[in-house]
Amino acid sequence: MACYTAAALKGTLVTELPLLETTDLYCERDDRVLFSALNWRAVDGEIWQVAGVNGAGKTTLMRILAGLHGFFDGEVRWPRWLAQQQDPRQHFLYLGHKAGLRDELTPLENIRWWTSLHGDTVDDAKIFPALACLGLAGYETVPCAQLSAGQKRRVALSLLWIMNKVVWLLDEPFTALDADGVTLIENRLREHAANGGLVIYSSHHRFDDAVRHVRLALGEVEVA
Amino acid sequence: MSFRATLKREVVLAWRRPAEIINPLFFFVMVVAMFPLGVSPKADLLSVIAPGVVWVAALLAVLLSVEGLFRNDFEAGALEQMLVAPTNLYVPCLAKIIAHWLLTGLPLVLVAPLLGYMLHLPEQASMTLFLGLLLGTPTLTAIGAIGVSLTVGVRSGGILLALLILPLYVPVLVFGAGAAAYAANGAPVEGLLAILAAMLLASLTLAPAAVAAGLRISNGG
Amino acid sequence: MWQTLTRWYHQWGSPRYFFQYSGVLLPWLWPLAVLTLVVGVVWGLAFAPADYQQGNSYRIIFIHVPAASAALLGYIAMGVAGLVGLVWRMKMADIMIKAIAPFGAVLAAIALITGAIWGKPTWGTYWVWDARLTSMLLMLFLYLGVFALMNAIPDPRQAGRAASLLSVVGVINVVIVKYSVEWWQSLHQGSTLKVVGESAMPSEMLAPLLISMLGIYLFFACTVLMRARTEIMVRERKSQWLREVLR
């Protein structure tokens, strides 16, 4: 397994490097091994599904990739940004297991705060069409408490249209969506991959033969 | 950027949930009202214990209100978004502390002179009580935020928070209540207020870093 | 010198090295600790001269002072370990905090109880809100806070890191607490023991006091090493090296 350090990478063409590489990733919880010896390379233009039964550690793996969960052995590297000495987080769009919206705030206010954390000033002119495209026209200034679970998920997913990030880390993005919504998101993921982005999502739902997967099962890992 | 946005967001959130501002204030007033009932209505006794009673009640009110600083964001998953964002976590943490104090701490400070009057605190001490709380309560909020950041994911974190934080509140309490008691006796208090101001500056600069570290830890980092 | 120190730091920072060499050290450290403690305490309680003012009641300082100083030292040690754990993410650091906290709390409690017993003949009451007793009470609270936090978080690594942060914050605070409590009230008699400069105590009293202090420190070190070893065994129970060492 190649080891990418900033020094060794000098002179390498940055685009030849994979986006994500994990080495011997191992994680356990409450004495139970979630996964071990996870060696995984992901490059741009790919869509990866993190699959596995309930409690297999899908969310934990997604949180590790996003840099939220730090209790694991092995390594997670983002070689391309390591080479450019950039903080990989500035290229992530992470949507968690929970929608991440405060019920008291409107979709517009939630999204504005969200994007401000990324240091982006996003024009409302970009937010409105994104929400409209997800069927939320007219709900922009309604408190999220009044939205259904599916609508809240759509608000969170509207960031896929609003923010411009290379790596999408989506934990259970299809939860609570209706058939329409699922198709809409599937197409958006394909589009992102076609544009050279990397999509990693956790779900039971595999929507395309081109989608590759990491399957977690009782400590065993299958990368295919 | 994220400072102003977070400040604004917190104000809007509080505006939509006014109970979170008003309840600590009621609590503060009620706790103070219990003392004449529990101790004695005599003016000479109350005037002696007034600084300490007001300060302890303010401290408990801050402790109770600060517990909710990250809880709703944690439960909604919004806290995760703060943690994955590439901006320095220090900035939104500082914004949240300041916003929280403006919304819950400042009202306590404003009603404190009234409570002092009701406890027969000598008039010359009223201003010192006010200034002491003005300088001291933001420190209480900042230190409390560190405890909250560590207990945010813990079940029944409220009582645990009190165990962690109350011993850390001692210096602010001692100098704050001490200053008001000094003023009641006509002694100079500038030095004590300066110490409170120094603690305020130190806690406002250092606490957000500790809060950021605490949030990472309690979210699995 | 510096290189030796950093080498030690890295060696003792590895659970495996720590486990092996603490195992070598302990059979020597234990008898030494018990010996110094017994010599110091027996000398102090039975053979040192009586105080011309307080008579025999002062003798409790041979337990009170060592316990109080070890409790303070333990808290500072936790703060240092916490800082090391947070900055360099060293595994051993939070194991050390877990090892120190309970015994430190016990020492603070011993200091409080002996202080109260001493207070009865000296001040005529078991409890006065004197600066030192109050500081020690707050120290006990700080210890209990660390302890409670560690017990509230199920994941031991997460608990360790949370306790690290709290210890660092606590140590910064403990200095201010001490200063504020001293301002608050300074009724207590002046410092009995000065590390630098002339001591107010005659040497026949000072010698057993210093020996019992050393005894408590060694005893503390032994229990911390043993607790750390237990924690290492729990955390590394799946490691190959532990099985080999224990075979």
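Please refer to the structure higher up on the page.
Being a predicted model, the structure only gives us computed values, none of them experimental. (Residues numbered from 1 in each chain as written. Chains lettered and ligands numbered in written order. Predicted model: local features only at pLDDT ≥ 70, side-chain atom pairs only at ≥ 80, totals over all residues. Heavy atoms only, no water.)

### Topic: the overall build of chain B
(1) Moving on: Of the regular secondary structure elements, chain B holds nine helices and zero strands.
(2) Moving on: Shown N-terminal to C-terminal, the secondary structure of chain B runs as helices and strands in the order α-α-α-α-α-α-α-α-α.
(3) Moving on: Relative to a compact globule of 221 residues, whose C-alpha radius of gyration would be 17 Å, chain B shows 18 Å and is just as compact.
(4) Moving on: Taking the principal axes of its C-alpha atoms as reference, chain B extends roughly 55 × 35 × 30 Å.
(5) Moving on: For chain B, the proportion of its 221 residues judged to be buried stands at 57%. (Helix = DSSP H or I, 4+ residues; strand = E, 2+ residues; numbered from the N terminus. Rg over C-alpha atoms; globule rule 2.2 N^0.38 Å. Buried < 20%, exposed > 50% of the residue type's maximum accessible area, 1.4 Å probe, protein only.)

### Quick notes on the pairing of strand β6 (residues 167-171) of chain A
All names here are of chain A.
(1) Moving on: Taken across its five residues, β6 has five buried, putting it largely inside the fold.
(2) Moving on: Where strand β5 (residues 92-95) meets β6, four bridges bridge the pair, whose relative direction is parallel. Residue pairing in the sheet places F92 in a bridge with V167 of β6.
(3) Moving on: Pairing of β6 with strand β7 (residues 198-202) involves five bridges; the strand directions are parallel. Residue pairing across strands places L169 opposite I200, the latter belonging to β7.
(4) Moving on: In this region the chain leaves β6, passes through helix α7 (residues 179-194) and returns to the parallel neighbour β7; the handedness of that crossover is right-handed. (Pairing = 2+ DSSP bridges. Right-handed = clockwise from strand over helix to strand, strands pointing away.)

### Some details on the environment of L200 of chain B
All names here are of chain B.
(1) Moving on: With respect to the helices, strands and loops of the structure, L200 is situated in helix α9 (residues 190-218).
(2) Moving on: Overall, the relative accessible area of 14% leaves L200 in the buried class.
(3) Moving on: In this structure, the C-alpha to C-alpha distance between L200 and A142, residues 58 residues apart in sequence, is 8.7 Å.
(4) Moving on: Excluding anything up to four places from it in sequence, L200 contacts L135, P138 and T139. (Contact = heavy atoms within 4.5 Å.)

### Overview of the pattern of salt bridges
(1) Moving on: For the structure shown, the criterion picks out 28 salt bridges over all chains.
(2) Moving on: Here R154 of chain A and D178 of chain A are joined by a salt bridge, their closest N and O atoms 2.7 Å apart. A residue pair is termed long-range when its members are at least 10 positions apart, and R154 of chain A in helix α5 (residues 149-157) and D178 of chain A in the loop between β6 and α7 qualify at 24 residues.
(3) Moving on: Judged by its relative accessible area of 42%, D178 of chain A falls in the partly exposed class.
(4) Moving on: For R215 of chain A, the salt bridge goes to E222 of chain A, with nearest N and O atoms at 3.7 Å.
(5) Moving on: Counted as one network, the salt bridges with shared partners bring together R102 and E104 of chain A together with R9, E10, R17, E20, D73 and K96 of chain B. (Salt bridge = Lys/Arg side-chain N within 4 Å of Asp/Glu carboxyl O.)

### Considering the interface of chain C and chain A
(1) Moving on: With six residues of chain C in contact, the opposing surface of chain A contributes four residues.
(2) Moving on: A combined buried area of about 560 Å² lies between chain C and chain A, and 44% of that area is made up of carbon and sulfur atoms.
(3) Moving on: On the chain C side of the interface with chain A, the three residues burying the most area are R157, R237 and K238 of chain C, jointly 68% of the side's total.
(4) Moving on: Counting across the chain C and chain A interface gives zero salt bridges. (Buried area = accessible area lost by both parts, 1.4 Å probe.)

### Quick look at unusual backbone geometry
(1) Moving on: Even without being glycine, H120 of chain B reaches a positive phi, approximately 60°.
(2) Moving on: Checked against the element boundaries, H120 of chain B lands in the loop between α6 (90-118) and α7 (123-151).
(3) Moving on: Note on H120 of chain B: relative accessible area 40%, which makes it partly exposed.
(4) Moving on: The residue R89 of chain C is not glycine, and still its phi comes out positive at about 50°.
(5) Moving on: We classify R89 of chain C as partly exposed; its relative accessible area is 49%.

### Points about the packing of α6 of chain B against α9 of chain B
Residue and element names in this part refer to chain B.
(1) Moving on: With their axes 8 Å apart at the nearest point, α6 and α9 run at an angle of 115° to one another. As the angle between them shows, α6 and α9 are arranged roughly perpendicular. In the packing of α6 onto α9, the handedness of the crossing is right-handed. On α9, the residues touching Y90, C93, L94 and I97 of α6 are L204, T205, P208, A209, V211, A212 and L215. (Axes fitted to C-alpha atoms, helices over the stretch in contact; angles between N-to-C directions. Parallel < 35°, antiparallel > 145°, perpendicular 65-115°, else oblique. Left-handed = near helix turned anticlockwise from the far one by under 90°.)

### Observations concerning empty space enclosed by the protein
(1) Moving on: Summed over all chains, the structure comprises two cavities of 30 Å³ or more.
(2) Moving on: Looking at the second largest cavity, its volume works out to about 40 Å³.
(3) Moving on: Along its surface, the second largest cavity is lined by L163, L164, P167 and L168 of chain B together with Y75, F141, L142, G145, V146, L166 and G170 of chain C.
(4) Moving on: Every element with two or more residues in the lining of the second largest cavity is listed here: α8 (157-184) of chain B together with α5 (131-152) and α6 (156-184) of chain C. (1 Å grid on protein atoms, 1.4 Å probe; cavity = no way out; pocket = protein on both sides within 12 Å on 5 of 7 lines; lining within 4 Å. Points joined across faces, edges and corners; volume = space filled by probe spheres on them.)

### Considering the sheet that holds strand β2 (residues 32-42) of chain A
Residue and element names in this part refer to chain A.
(1) Moving on: Strands sit in the order β2-β1-β4 across an open sheet of three strands; the sheet is antiparallel. Among the strands making up the open sheet, the edge pair consists of β2 and β4 (73-77). Taking each pair of neighbouring strands and ignoring which way they run, the sheet shows an average axis angle of 20°.
(2) Moving on: Where strand β1 (residues 20-29) and β4 come together, four bridges link them in antiparallel fashion. Across the sheet, residue T23 finds its bridge partner in β4, namely E75.

### Remarks on the sheet that holds strand β8 (residues 212-217) of chain A
All names here are of chain A.
(1) Moving on: Spatially, β5-β6-β7-β3-β8-β9 is the arrangement adopted by the six strands of the open sheet, whose pairing is mixed. Two strands close off the open sheet at either side, each with one partner strand: β5 and β9 (220-223). Across the sheet, the mean angle from the axis of one strand to that of its neighbour is 10°, orientation sign disregarded.
(2) Moving on: Summarising the sheet, strand β3 (residues 47-52) and β7 pair through four bridges and their orientation is parallel. If you follow V50 over to β7, its bridge partner there is S202.

### Observations concerning the nonpolar core
Side chains of nonpolar character tend, in soluble globular proteins, to be buried together.
(1) Moving on: One finds W40 and I200 of chain A together with F28 of chain B to be the most contacted residues of the largest nonpolar core, which totals 158 residues.
(2) Moving on: Ranked by the residues each element gives to this core, the list is headed by α8 of chain B, at 14 residues.
(3) Moving on: Setting aside its immediate chain neighbours within four residues, W40 of chain A contacts L20, E21, T22, W48, V50, L61, L65, I200, V214 and V223 of chain A.
(4) Moving on: In terms of nonpolar packing, the next biggest core, distinct from the first, is built from 35 residues, A99, A130, M163 and V211 of chain A among them. (Core = buried A, V, L, I, M, F, W, Y, C linked by side-chain atoms within 4.5 Å.)

### Here's the deal with helix α3 (residues 43-66) of chain B
(1) Moving on: In this model, α3 of chain B (24 residues) spans 33 Å end to end at C-alpha, consistent with the 34 Å of a helix rising 1.5 Å per residue.
(2) Moving on: Of all the bends found along α3 of chain B, the most pronounced is centred on I49 of chain B and spans about 50°, while P51 of chain B, a proline, follows it within four residues. (Expected span 1.5 Å × (residues − 1). Bend = angle between axes of the 7 residues up to and from the residue.)

### Some remarks on helix α1 (residues 58-65) of chain A
All names here are of chain A.
(1) Moving on: Counting buried positions along α1 gives seven out of eight residues, so the element sits mostly inside the fold.
(2) Moving on: Among the residues of α1, K58, T60, L61, M62, R63, I64 and L65 are the ones counted as buried.
(3) Moving on: Of the residues one or two after α1, G67 is the one with positive phi, at around 85°.

### Some details on the interface of chain A and chain B
(1) Moving on: On the chain B side, the residues contacting the 29 residues of chain A number 29 residues.
(2) Moving on: Where chain A abuts chain B, roughly 2700 Å² becomes buried across the two surfaces, and 57% of that area is made up of carbon and sulfur atoms.
(3) Moving on: Area buried by chain A at its contact with chain B is led by R102, W113 and L117 of chain A, which between them contribute 28% of it.
(4) Moving on: Counting every contact that joins chain A to chain B gives four salt bridges.
(5) Moving on: In this structure, the connection of chain A to chain B is made through 14 residue pairs in polar contact (both at pLDDT 80 or more).
(6) Moving on: Looking at the side of chain A that touches chain B, the elements that each hand over two or more residues are β5 and α3 (107-117) of chain A.
(7) Moving on: In terms of residue count, the dominant contributor to the side of chain A that touches chain B is α3 of chain A (five residues).
(8) Moving on: When grouped by side-chain class, the residues that make up the side of chain A that touches chain B number eleven nonpolar, ten polar and eight charged. (Polar contact = N/O pair within 3.5 Å; in protein donor to acceptor, adjacent residues only side chain to side chain. Nonpolar A, V, L, I, M, F, W, Y, C, P; charged D, E, K, R; others polar.)

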